[in-house]
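# Fold and contact review
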Amino acid sequence: MTAPSRRRRRPTFGASQAIKRRGYPPKRLRRSPVVAHFSQANSNGIITRVLQGERGPCKRMFIDARELPCGSVLHTEICIIGGGVAGITLALEFARRGIETCVLEGGGLKFNAQSQALYRSENVGLDYDLHATRTRQLGGSSNCWGGWIRPFIDIDFERRDWVPNSGWPIDLTEVERYYHRANDLVKVNDHSFEPQFWREHLSPKQVQLLELNDGSLETIVSKFSPPTRFGRDYRASLAAARTTKVLLNANVTEIATNDDASVVTGVHVVSSAQKPFFVRAKRTILAAGGVENARLMLLSNKVASAGLGNEHDVVGRYFMEHPRIRQGQVMPSSTAAAFRFYDARHTYHNPELAVDGTSASAHFGLAEHVQREEKLVQCRTYFRACRAGENSDVTERFHELYSAIQRRNYRDIKLRTFATVARGSPNLMASLIYRRLKLAAKSDHFQIESVVEPVPDRESRVTLSRQRDSLGLNRAELNWRVGDLEKRTHRRMLGLMKEQLEGSGMARVDMEQEDEGQQHPIIGCNHHMGTTRMHVDPRLGVVDQNCKVHGMHNLHIAGSSVFPTCGNDMPTLTIVALTLRLADHVTMMLGV
């Protein structure tokens, strides 16, 4: 191999050998002109090769951090922590502009149960499983995303006097101009979300819009991404990027700063093989998800004892998740076919409901004037077709069991889940076949499922648990809370559904009243938001309107953790749009 160049120009992406065993990062580094030296492939099938010096070609690849020499120091312009939806969106944007970027992803190319175990956490609030509601591998939680897509609207950004802690420091126009590019990334078209568009472009057999009486409820349409698996679908683009390196199995343990915690000096990382290394970057962007963003800020407490950006005890607070409740049944007066466009079991990725490759689904929502007049938040309600005699509890326990086995989360499987599925197996098989054949038109009733807009609550929060993971780091502890406004909104939504459907003669509605002391369980939608919220006042938020951490010069945060409120709609499209906005801002700051 040709000897490396001795020119003193800074290497593009260097691994310093100045560390040895004397600790890291050193105060002064002797920068090696050699980028790195790696051996042939590894267990994940990631191809690694020898990288030549500055004058040689820089091989384009993914790097398994387990192959890095212990104590290496890597240099880059931008370090992105997290290889999920936000992290990959940033990497693609910076690659397009030729900006040197390093992406640190804790998982590998494929799901690994040992890596996933680092997501285990404690729960002290409403029943919630942070381990099963996110995915630790390249692509992040896009690997378990259902593909539901809808943009935010004006009221989602407003400060509403009846919704505590509501309001963004930017308005819809700041995000709306990025939705077109976001559509491309999640692979949906730009066609209208208006219900009338879908009625005009699909057959009357497929789309019937339910016309209710007084305008209290309105039909709202969502679209489906394929769904886009960011790690899989953009792997080739990342591999081809000349200025981007993606380090896999690279677990960030701390964000290092200067003496007053105003400047990030680098990122401490440990590979899955327990080898420490360090990444120096001019700018660092935290894009690890709604829980890990807050956890890493709190863990980075060597200089700022309360954690980075946490002078006012805001990091980790205002955790939001969309509460989902299944309560009530709808029995159509005539044929169930009229309800098909509102039936999530029928519409879910149904190619018969696609226009130019993108399919859609409808649900009912509270009209904006009702929200304002009655001081409510938004609530979306849709239906789930049920076979006569179907036991919904057995069907849900089966899916819970199937998901745990698929993700190899065997320790999460409860004996009562096995018992419920075993006892109901004949009924279960009939229900699964019924769903597979999409026989919604032959349903005799629909289950009502509602998703409520969460209200930002300071006491709903992520903190550090006393429990530690295999890397010796404090696990996350979650206290998820749902307040009276969400519950009142849900009750009112069900009441309006009953009034409107029965008043129009379309259906009979049974609300399944709760027994005394019993409540319908509240489940989530796997949306983790709000823990590093955006606000111009550092006493009320962690980042400013440009997603820069208050009081820090070169640390930004991307993803849904910066949402001050989150409306009632699916967050992925807005995560991508807001991330594109951040990429433009950082690029402008770099003068590229």
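Residues numbered from 1 in each chain as written. Predicted model: local features only at pLDDT ≥ 70, side-chain atom pairs only at ≥ 80, totals over all residues. Heavy atoms only, no water.

Summed over the entire model, instances satisfying the criterion amount to 18 aromatic pairs. For the ring pair Trp-148 and Tyr-382, a centre distance of 6.2 Å and an interplane angle of 25 degrees mean the geometry is stacked. Taken together, the residues Trp-148 in strand 8 (residues 148-149) and Tyr-382 in strand 17 (residues 379-386) connect sequence positions 234 residues apart. Every member of this aromatic cluster is reached through a ring pair, and the members are Phe-339, Phe-341, Tyr-342, Phe-364, Phe-383 and Phe-446. When the ring centre of Tyr-234 is taken as origin, the NZ or CZ atom of Lys-187, which lies over that ring, is 5.5 Å away. A cation over an aromatic ring shows up here: Lys-223 above the ring of Phe-193, its NZ or CZ 4.4 Å from the ring centre. (Phe/Tyr/Trp six-rings, centres within 6.5 Å; stacked < 30°, edge-to-face > 60°. Helix = DSSP H or I, 4+ residues; strand = E, 2+ residues; numbered from the N terminus. Lys NZ or Arg CZ within 6 Å of the ring centre and 35° of its normal.)

What follows is about the pairing of strand 13 (residues 276-286). Across the eleven residues that make up strand 13, a large majority, ten, are buried. Note that strand 5 (residues 73-81) and strand 13 share eight bridges and pair parallel. In the sheet register, Thr-76 faces strand 13, and the bridge partner there is Ala-281. Note: strand 12 (residues 264-271) against strand 13, four bridges, orientation antiparallel. What sits directly across from Val-267, in strand 13, is Val-279. Taking the residues that link successive antiparallel strands as the turn, the strand 12-strand 13 hairpin has four residues, and the phi of Gln-274 there is positive, at about 65 degrees. Direction of pairing for strand 13 relative to strand 23 (residues 555-557): parallel, over a ladder of three bridges. Within strand 23, the residue paired with Leu-286 across the bridge is Ile-557. (Buried < 20%, exposed > 50% of the residue type's maximum accessible area, 1.4 Å probe, protein only. Pairing = 2+ DSSP bridges.)

Attention shifts here to the packing of helix 5 (residues 179-186) against helix 16 (residues 572-590). Helix 16 packs onto helix 5 with a crossing angle of 115 degrees between their chain directions and a minimal axis gap of 8 Å. In this structure, helix 5 meets helix 16 at a crossing whose hand is right-handed. Residues Tyr-179, Arg-181, Ala-182, Asn-183, Leu-185 and Val-186 of helix 5 form the contact with helix 16, whose participating residues are Leu-573, Thr-574, Val-576, Ala-577, Leu-580 and Asp-584. In the contact of helix 5 with helix 16, the residues fall into eight nonpolar, two polar and two charged. (Axes fitted to C-alpha atoms, helices over the stretch in contact; angles between N-to-C directions. Left-handed = near helix turned anticlockwise from the far one by under 90°. Contact = heavy atoms within 4.5 Å. Nonpolar A, V, L, I, M, F, W, Y, C, P; charged D, E, K, R; others polar.)

The next point concerns helix 15 (residues 484-503). Taking 1.5 Å per residue, 20 residues should reach 28 Å; helix 15 reaches 28 Å between its end C-alpha atoms and fits that length. Of all the positions in helix 15, only Leu-485, Glu-486, Thr-489, His-490, Met-493, Leu-494, Leu-496, Met-497, Gln-500 and Leu-501 are classed as buried. Looking one or two residues beyond helix 15, the residue adopting positive phi is Gly-505, at roughly 75 degrees. (Expected span 1.5 Å × (residues − 1).)

Time to look at the environment of Ser-142. One can find Ser-142 in the loop between strand 7 (122-123) and strand 8. The buried category is assigned to Ser-142, whose relative accessible area is 2%. Once the C-alpha coordinates of Ser-142 and Thr-228 are considered, the two residues, 86 residues apart in sequence, prove to be 7.0 Å apart. Residues within four places of Ser-142 in sequence aside, it is in contact with Val-85, Thr-228, Arg-229, Phe-230 and Gly-231. At 2.6 Å, the side chain of Ser-142 forms a polar contact with the backbone oxygen of Gly-139. (Polar contact = N/O pair within 3.5 Å; in protein donor to acceptor, adjacent residues only side chain to side chain.)

This next bit is on the packing of helix 1 (residues 85-96) against helix 16. Where helix 1 contacts helix 16, the two axes come as close as 9 Å, and the packing angle between them is 40 degrees. Looking at the two axes, helix 1 sits oblique to helix 16. Crossing geometry of helix 1 relative to helix 16 is assigned as right-handed. Counting all contacts with helix 1, which are made through Val-85, Ala-86, Thr-89, Leu-90, Glu-93 and Phe-94, the residues of helix 16 involved are Thr-572, Ile-575, Val-576, Thr-579, Leu-580, Leu-582, Ala-583, Asp-584, Val-586 and Thr-587. Among the residues making up the contact of helix 1 with helix 16, the classes are represented as ten nonpolar, four polar and two charged. (Parallel < 35°, antiparallel > 145°, perpendicular 65-115°, else oblique.)

What follows covers the side chain of His-363. Inspection of the secondary structure assignment puts His-363 in strand 16 (residues 358-366). In this structure His-363 comes out as buried when scored by relative accessible area, which is 3%.

The next subject is helix 16. Each turn of an α-helix holds 3.6 residues, which means side chains three or four residues apart point in the same direction. Given a rise of 1.5 Å per residue, 19 residues ought to cover 27 Å, and the 27 Å separating the end C-alpha atoms of helix 16 matches this to within 8%. Most of helix 16 sits inside the fold, with 15 of its 19 residues counted as buried. In the stretch just after helix 16, Gly-591 is the one whose phi turns positive, near 75 degrees.

As a rule of thumb, soluble globular proteins bury nonpolar side chains together. Counting 90 residues, the largest nonpolar core has Phe-94, Leu-104, Leu-247, Phe-277, Met-297 and Phe-563 as its most contacted members. If you tally residues by element for this core, the top one is helix 16, at nine residues. (Core = buried A, V, L, I, M, F, W, Y, C linked by side-chain atoms within 4.5 Å.)

Bringing the environment of Ser-192 into the picture now. Assignment of secondary structure puts Ser-192 in the loop between helix 5 and helix 6 (195-201). A sequence separation of 31 residues divides Ser-192 from Lys-223, and the C-alpha atoms of the two residues are 9.8 Å apart. Aside from chain neighbours lying at most four places away, what touches Ser-192 is Phe-197, Trp-198 and Lys-223. At a separation of 2.8 Å, a polar atom in the side chain of Ser-192 contacts the main-chain amide nitrogen of Glu-194.

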